[in-house]
Amino acid sequence: MDETLAKDFVAVWQSELTAMAADRELRECWAATLALWAQAAGAAAALMPHEPPPGSSRPAQPARPAPAAAASGPGLDEVERLSRRVAELEQRLAQLLDRRDAG
């Protein structure tokens, strides 16, 4: 793949991910979706048998812990930190490519 095309591709994805992370409505939607998935997983786990059926020789399974609470959304500080880190990595990649082309 052409290096310029690869750099443009990384730049587009960086800007898209940064914009998505900064979008409050999108973060809230993902948080609600993940909370719903966690709730569904907890309900499914609760339906699984924990005790052996009568007449079975299998030992009873230990009780499962309560499902974890939904994760909190990332703060704007975290988004900015990740954005800076991506910019640093892009700069390092550009330096490595320059060294490769020079050598």
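Above this note sits the structure.
A short tour of the structure in this document, coming up. These figures come from a predicted structure and were not determined experimentally.

**What to know about the packing of helix α1 (residues 3–22) against helix α3 (residues 76–102)**
Axis separation between α1 and α3 bottoms out at 10 Å; the angle between their running directions is 175 degrees. In terms of their interaxial angle, α1 and α3 are classed as roughly antiparallel. The segment α1 lies against α3, with Glu3, Lys7, Val10, Ala11, Gln14, Thr18 and Ala21 engaging Val79, Ser83, Val86, Ala87, Glu90, Ala94, Leu97, Arg100 and Asp101. Considering only residue class, the contact of α1 with α3 consists of 8 nonpolar, 3 polar and 5 charged.

**Quick look at the packing of aromatic side chains**
Applying the stated rule across the entire model yields 1 aromatic pair. Ring centres of phenylalanine 9 and tryptophan 13 lie 6.5 Å apart, and the angle between their planes is 70 degrees; on these two criteria the pair is classed as edge-to-face. Of the two residues, phenylalanine 9 and tryptophan 13 are both situated in helix α1; the distance of 4 residues between them amounts to about one turn of the helix.

**Some thoughts on helix α2 (residues 24–47)**
For α2, which comprises 24 residues, the first-to-last C-alpha distance of 35 Å matches the rise-based estimate of 34 Å (1.5 Å per residue) to within 8%. One side-chain oxygen of the residue at the start of α2 lies 3.2 Å from the amide nitrogen of glutamate 25, identifying that residue as aspartate 23.

**Overview of the packing of α1 against α2**
For any two helices packed against each other, one specifies the crossing angle of their axes together with the interaxial distance. Running from amino to carboxyl end, α1 crosses α2 at an angle of 75 degrees, the nearest separation of the two axes being 5 Å. As summarised for this structure, α1 and α2 are arranged roughly perpendicular, according to the angle between their axes. From α1, Met20, Ala21 and Ala22 reach across to α2, where they touch Arg24, Leu26 and Arg27. Of the residues assigned to the contact of α1 with α2, the class counts are 4 nonpolar, no polar and 2 charged.

Cut-offs applied
- Residues numbered from 1 in each chain as written.
- Predicted model: local features only at pLDDT ≥ 70, side-chain atom pairs only at ≥ 80, totals over all residues.
- Heavy atoms only, no water.
- Axes fitted to C-alpha atoms, helices over the stretch in contact; angles between N-to-C directions.
- Helix = DSSP H or I, 4+ residues; strand = E, 2+ residues; numbered from the N terminus.
- Parallel < 35°, antiparallel > 145°, perpendicular 65-115°, else oblique.
- Contact = heavy atoms within 4.5 Å.
- Nonpolar A, V, L, I, M, F, W, Y, C, P; charged D, E, K, R; others polar.
- Phe/Tyr/Trp six-rings, centres within 6.5 Å; stacked < 30°, edge-to-face > 60°.
- Expected span 1.5 Å × (residues − 1).
- Polar contact = N/O pair within 3.5 Å; in protein donor to acceptor, adjacent residues only side chain to side chain.

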